[in-house]
Amino acid sequence: RRKRRRKRRRGNRRAKREDEKKRRRKTTSNTTNKNKQKKKEQTKEKETIEIKKMGNKFSRNSTQTRINELIATHNIPAEWVEKLRRVLLARVPSGTMSMEDLLDSVSADISTKLLKDSLLRLFDVDSDYSITVDEYILTLLKVSMGNDEEKLKFAFDLYDVNDAGYLNEEEIIALTTSILGENLEEEIEEEKKKKWEEKQEPLTPTDLEIAKLKFRKKTKKQAMDIFDKLDKNKDKKITFDEFKDFAIANEEIANSLKYLFKTTF
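All values derive from a computational prediction rather than experimental measurement.

## Examining helix 2 (residues 78-91)
Between its terminal C-alpha atoms helix 2 stretches 20 Å, which fits the 20 Å expected from 14 residues at 1.5 Å a residue. Residues V81, L84, R85 and L88 constitute the buried set of helix 2. End-on view of helix 2: buried residues confined to an arc of 100°, all on one side of the axis. The exposed set on the far side of helix 2, more than 90 degrees from its buried face, consists of E79, K83, R86 and A90.

## Brief notes about the environment of L140
Counting through the fold element by element, L140 comes out in helix 5 (residues 133-145). With 17 residues separating them along the chain, L140 and F123 place their C-alpha atoms 8.8 Å apart.

## Side note on helix 5
Compared with the 18 Å implied by 1.5 Å per residue over 13 residues, the 18 Å span of helix 5 between its first and last C-alpha is a close match. Across the 13 residues of helix 5, eleven count as buried, placing the element largely inside the fold. Residues V133, D134, E135, Y136, I137, L138, T139, L140, L141, V143 and S144 constitute the buried set of helix 5.

## As for unusual backbone geometry
Even without being glycine, K234 reaches a positive phi, approximately 55°. By relative accessible area, which is 54% here, K234 ends up exposed. Here the phi dihedral of K236 falls at roughly 65°; this positive angle occurs in a residue that is not glycine. When its relative accessible area of 51% is taken as the criterion, K236 is described as exposed.

Parameters at a glance
- Residues numbered from 1 in each chain as written.
- Predicted model: local features only at pLDDT ≥ 70, side-chain atom pairs only at ≥ 80, totals over all residues.
- Heavy atoms only, no water.
- Helix = DSSP H or I, 4+ residues; strand = E, 2+ residues; numbered from the N terminus.
- Expected span 1.5 Å × (residues − 1).
- Buried < 20%, exposed > 50% of the residue type's maximum accessible area, 1.4 Å probe, protein only.
- Arc of directions from axis to C-beta.

Shown next as C-alpha coordinates:
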(Lines give C-alpha, C1' and ligand atoms only; values in the text may rest on other atoms or scores of the structure.)
Protein backbone atom coordinates (compact mmCIF):
# COMPACT_ATOMS: atom_id res chain seq x y z
CA ARG A 1 0.00 0.00 0.00
CA ARG A 2 2.82 2.40 0.86
CA LYS A 3 4.56 1.59 -2.38
CA ARG A 4 1.38 2.34 -4.32
CA ARG A 5 0.96 5.69 -2.52
CA ARG A 6 4.59 6.64 -3.21
CA LYS A 7 4.11 5.65 -6.85
CA ARG A 8 0.96 7.80 -7.16
CA ARG A 9 2.75 10.77 -5.57
CA ARG A 10 5.70 10.38 -7.93
CA GLY A 11 3.25 10.14 -10.82
CA ASN A 12 1.43 13.30 -9.71
CA ARG A 13 4.70 15.21 -9.32
CA ARG A 14 5.82 14.03 -12.76
CA ALA A 15 2.50 15.11 -14.29
CA LYS A 16 2.78 18.55 -12.67
CA ARG A 17 6.31 18.95 -14.00
CA GLU A 18 5.13 17.99 -17.49
CA ASP A 19 2.24 20.46 -17.26
CA GLU A 20 4.62 23.21 -16.13
CA LYS A 21 6.95 22.47 -19.05
CA LYS A 22 4.05 22.61 -21.51
CA ARG A 23 2.84 25.90 -20.03
CA ARG A 24 6.32 27.41 -20.30
CA ARG A 25 6.73 26.21 -23.90
CA LYS A 26 3.33 27.68 -24.78
CA THR A 27 4.19 31.02 -23.10
CA THR A 28 7.56 31.12 -24.90
CA SER A 29 5.87 30.28 -28.20
CA ASN A 30 3.26 33.03 -27.73
CA THR A 31 5.95 35.55 -26.82
CA THR A 32 7.99 34.55 -29.87
CA ASN A 33 4.95 34.87 -32.13
CA LYS A 34 4.13 38.29 -30.67
CA ASN A 35 7.70 39.46 -31.23
CA LYS A 36 7.64 38.18 -34.80
CA GLN A 37 4.29 39.93 -35.42
CA LYS A 38 5.62 43.14 -33.89
CA LYS A 39 8.72 43.00 -36.09
CA LYS A 40 6.53 42.44 -39.17
CA GLU A 41 4.35 45.41 -38.27
CA GLN A 42 7.40 47.62 -37.67
CA THR A 43 8.90 46.54 -41.01
CA LYS A 44 5.59 47.18 -42.77
CA GLU A 45 5.29 50.59 -41.12
CA LYS A 46 8.81 51.53 -42.24
CA GLU A 47 8.03 50.39 -45.79
CA THR A 48 4.80 52.44 -45.76
CA ILE A 49 6.67 55.53 -44.57
CA GLU A 50 9.30 55.06 -47.28
CA ILE A 51 6.64 54.58 -49.96
CA LYS A 52 4.77 57.66 -48.72
CA LYS A 53 7.98 59.70 -48.82
CA MET A 54 8.66 58.54 -52.36
CA GLY A 55 5.04 59.26 -53.30
CA ASN A 56 5.16 62.77 -51.82
CA LYS A 57 8.42 63.46 -53.61
CA PHE A 58 6.96 62.21 -56.89
CA SER A 59 3.77 64.20 -56.27
CA ARG A 60 5.72 67.43 -55.65
CA ASN A 61 7.76 66.90 -58.79
CA SER A 62 4.66 66.03 -60.82
CA THR A 63 2.72 69.07 -59.51
CA GLN A 64 5.65 71.40 -60.20
CA THR A 65 5.98 69.99 -63.74
CA ARG A 66 2.30 70.69 -64.43
CA ILE A 67 2.66 74.21 -63.03
CA ASN A 68 5.61 74.83 -65.37
CA GLU A 69 3.58 73.50 -68.31
CA LEU A 70 0.74 75.94 -67.55
CA ILE A 71 3.21 78.81 -67.19
CA ALA A 72 4.66 78.00 -70.61
CA THR A 73 1.27 77.42 -72.27
CA HIS A 74 -0.33 80.66 -71.07
CA ASN A 75 2.84 82.82 -71.07
CA ILE A 76 2.49 83.59 -67.37
CA PRO A 77 5.51 85.40 -65.90
CA ALA A 78 7.24 82.84 -63.70
CA GLU A 79 8.06 85.56 -61.16
CA TRP A 80 4.32 86.07 -60.52
CA VAL A 81 3.93 82.42 -59.57
CA GLU A 82 7.09 82.50 -57.46
CA LYS A 83 5.87 85.62 -55.67
CA LEU A 84 2.55 83.94 -54.87
CA ARG A 85 4.41 80.88 -53.60
CA ARG A 86 6.53 83.05 -51.27
CA VAL A 87 3.42 84.82 -49.96
CA LEU A 88 1.67 81.52 -49.29
CA LEU A 89 4.71 79.96 -47.63
CA ALA A 90 5.04 83.02 -45.41
CA ARG A 91 1.45 82.39 -44.30
CA VAL A 92 1.86 78.59 -44.01
CA PRO A 93 5.54 77.76 -43.38
CA SER A 94 4.69 74.04 -43.23
CA GLY A 95 3.73 74.17 -46.91
CA THR A 96 0.34 72.56 -46.17
CA MET A 97 -2.77 74.72 -46.38
CA SER A 98 -5.67 74.38 -43.96
CA MET A 99 -9.36 74.49 -44.84
CA GLU A 100 -9.49 78.04 -43.43
CA ASP A 101 -6.76 79.07 -45.90
CA LEU A 102 -8.76 77.61 -48.79
CA LEU A 103 -11.98 79.29 -47.66
CA ASP A 104 -10.19 82.64 -47.42
CA SER A 105 -9.20 82.34 -51.08
CA VAL A 106 -12.71 81.57 -52.37
CA SER A 107 -15.28 84.33 -52.81
CA ALA A 108 -18.25 81.93 -52.74
CA ASP A 109 -20.02 81.04 -49.49
CA ILE A 110 -18.66 77.57 -48.63
CA SER A 111 -20.28 76.92 -45.26
CA THR A 112 -21.51 73.32 -45.23
CA LYS A 113 -19.27 70.31 -44.53
CA LEU A 114 -20.22 68.74 -47.87
CA LEU A 115 -19.08 71.81 -49.80
CA LYS A 116 -15.86 71.97 -47.78
CA ASP A 117 -15.16 68.31 -48.56
CA SER A 118 -15.88 68.95 -52.23
CA LEU A 119 -13.50 71.94 -52.25
CA LEU A 120 -10.81 69.77 -50.67
CA ARG A 121 -11.37 67.08 -53.32
CA LEU A 122 -10.87 69.54 -56.17
CA PHE A 123 -7.64 70.96 -54.74
CA ASP A 124 -6.20 67.64 -53.56
CA VAL A 125 -4.34 66.73 -56.75
CA ASP A 126 -2.61 63.61 -55.36
CA SER A 127 -5.57 62.47 -53.19
CA ASP A 128 -3.62 62.37 -49.92
CA TYR A 129 -6.22 64.44 -47.99
CA SER A 130 -3.96 67.47 -47.67
CA ILE A 131 -3.40 70.56 -49.82
CA THR A 132 0.14 71.71 -50.47
CA VAL A 133 1.00 75.21 -51.62
CA ASP A 134 1.90 73.84 -55.06
CA GLU A 135 -1.43 71.99 -55.35
CA TYR A 136 -3.22 75.23 -54.53
CA ILE A 137 -1.20 77.15 -57.13
CA LEU A 138 -1.81 74.45 -59.76
CA THR A 139 -5.59 74.48 -59.24
CA LEU A 140 -5.65 78.27 -59.18
CA LEU A 141 -3.73 78.41 -62.46
CA LYS A 142 -5.97 75.84 -64.13
CA VAL A 143 -9.16 77.68 -63.18
CA SER A 144 -7.85 81.23 -63.70
CA MET A 145 -6.31 80.54 -67.10
CA GLY A 146 -9.05 78.21 -68.32
CA ASN A 147 -11.76 79.29 -70.75
CA ASP A 148 -15.30 80.09 -69.60
CA GLU A 149 -16.44 76.49 -70.00
CA GLU A 150 -13.56 75.19 -67.86
CA LYS A 151 -14.34 77.74 -65.14
CA LEU A 152 -18.00 76.75 -65.14
CA LYS A 153 -16.97 73.07 -65.00
CA PHE A 154 -14.94 73.76 -61.86
CA ALA A 155 -17.97 75.46 -60.26
CA PHE A 156 -20.19 72.55 -61.36
CA ASP A 157 -17.77 70.01 -59.84
CA LEU A 158 -17.57 72.05 -56.63
CA TYR A 159 -21.32 71.94 -56.06
CA ASP A 160 -21.56 68.34 -57.24
CA VAL A 161 -20.69 67.28 -53.69
CA ASN A 162 -21.58 63.62 -54.34
CA ASP A 163 -19.29 63.53 -57.38
CA ALA A 164 -22.19 61.97 -59.29
CA GLY A 165 -21.76 63.92 -62.51
CA TYR A 166 -25.02 65.84 -62.04
CA LEU A 167 -26.61 68.27 -59.58
CA ASN A 168 -29.70 67.44 -57.52
CA GLU A 169 -32.16 69.79 -55.81
CA GLU A 170 -30.13 70.12 -52.59
CA GLU A 171 -26.97 70.94 -54.52
CA ILE A 172 -28.78 73.61 -56.58
CA ILE A 173 -30.11 75.14 -53.32
CA ALA A 174 -26.54 75.20 -51.94
CA LEU A 175 -25.28 76.80 -55.16
CA THR A 176 -28.01 79.46 -55.21
CA THR A 177 -27.52 80.26 -51.52
CA SER A 178 -23.79 80.58 -52.11
CA ILE A 179 -24.25 82.99 -55.02
CA LEU A 180 -26.99 85.06 -53.39
CA GLY A 181 -25.52 84.90 -49.88
CA GLU A 182 -23.87 88.29 -50.20
CA ASN A 183 -27.35 89.80 -50.72
CA LEU A 184 -28.26 88.94 -47.12
CA GLU A 185 -26.48 92.03 -45.82
CA GLU A 186 -28.48 94.18 -48.23
CA GLU A 187 -31.70 92.55 -47.03
CA ILE A 188 -30.81 93.29 -43.39
CA GLU A 189 -29.97 96.91 -44.22
CA GLU A 190 -33.34 97.24 -45.93
CA GLU A 191 -35.08 95.84 -42.86
CA LYS A 192 -33.17 98.27 -40.61
CA LYS A 193 -34.14 101.21 -42.79
CA LYS A 194 -37.77 100.10 -42.98
CA LYS A 195 -38.16 99.68 -39.21
CA TRP A 196 -36.44 102.98 -38.47
CA GLU A 197 -38.75 104.82 -40.86
CA GLU A 198 -41.86 103.16 -39.38
CA LYS A 199 -41.08 103.05 -35.64
CA GLN A 200 -37.80 104.95 -35.13
CA GLU A 201 -36.35 101.79 -33.60
CA PRO A 202 -33.29 99.65 -34.39
CA LEU A 203 -33.55 95.97 -35.27
CA THR A 204 -33.63 93.57 -32.32
CA PRO A 205 -31.89 90.14 -32.39
CA THR A 206 -35.31 88.60 -33.01
CA ASP A 207 -35.85 90.93 -35.99
CA LEU A 208 -32.49 89.83 -37.38
CA GLU A 209 -33.38 86.14 -37.09
CA ILE A 210 -36.73 86.78 -38.79
CA ALA A 211 -34.97 88.69 -41.60
CA LYS A 212 -32.53 85.80 -42.09
CA LEU A 213 -35.37 83.27 -42.12
CA LYS A 214 -37.25 85.29 -44.75
CA PHE A 215 -34.09 85.51 -46.84
CA ARG A 216 -33.49 81.73 -46.64
CA LYS A 217 -37.09 81.03 -47.67
CA LYS A 218 -36.84 83.46 -50.59
CA THR A 219 -33.48 82.00 -51.65
CA LYS A 220 -34.86 78.45 -51.52
CA LYS A 221 -37.81 79.47 -53.71
CA GLN A 222 -35.41 81.08 -56.19
CA ALA A 223 -33.32 77.91 -56.14
CA MET A 224 -36.33 75.72 -56.93
CA ASP A 225 -37.33 78.08 -59.76
CA ILE A 226 -33.80 77.83 -61.15
CA PHE A 227 -33.87 74.04 -60.78
CA ASP A 228 -37.13 73.84 -62.76
CA LYS A 229 -35.64 76.00 -65.53
CA LEU A 230 -32.44 73.95 -65.63
CA ASP A 231 -34.11 70.55 -65.55
CA LYS A 232 -35.30 70.57 -69.15
CA ASN A 233 -36.10 66.85 -69.37
CA LYS A 234 -37.62 66.77 -65.84
CA ASP A 235 -35.48 63.88 -64.59
CA LYS A 236 -34.52 65.71 -61.35
CA LYS A 237 -30.89 65.79 -62.47
CA ILE A 238 -28.99 68.80 -63.80
CA THR A 239 -26.25 67.79 -66.22
CA PHE A 240 -23.25 70.00 -66.96
CA ASP A 241 -24.67 70.93 -70.38
CA GLU A 242 -27.95 72.09 -68.81
CA PHE A 243 -25.99 73.95 -66.13
CA LYS A 244 -23.69 75.61 -68.70
CA ASP A 245 -26.56 76.72 -71.00
CA PHE A 246 -28.37 78.35 -68.08
CA ALA A 247 -25.22 80.08 -66.78
CA ILE A 248 -24.33 81.45 -70.20
CA ALA A 249 -27.87 82.83 -70.57
CA ASN A 250 -27.62 84.58 -67.18
CA GLU A 251 -24.55 86.80 -67.17
CA GLU A 252 -24.69 87.74 -63.48
CA ILE A 253 -24.81 84.10 -62.38
CA ALA A 254 -22.13 83.12 -64.91
CA ASN A 255 -19.76 85.80 -63.59
CA SER A 256 -20.34 84.72 -59.99
CA LEU A 257 -19.51 81.14 -60.92
CA LYS A 258 -16.55 81.91 -63.17
CA TYR A 259 -14.78 84.12 -60.63
CA LEU A 260 -14.87 81.99 -57.51
CA PHE A 261 -11.31 82.88 -56.48
CA LYS A 262 -10.24 86.15 -54.90
CA THR A 263 -6.72 85.66 -56.33
CA THR A 264 -6.40 85.32 -60.10
CA PHE A 265 -3.71 85.64 -62.75
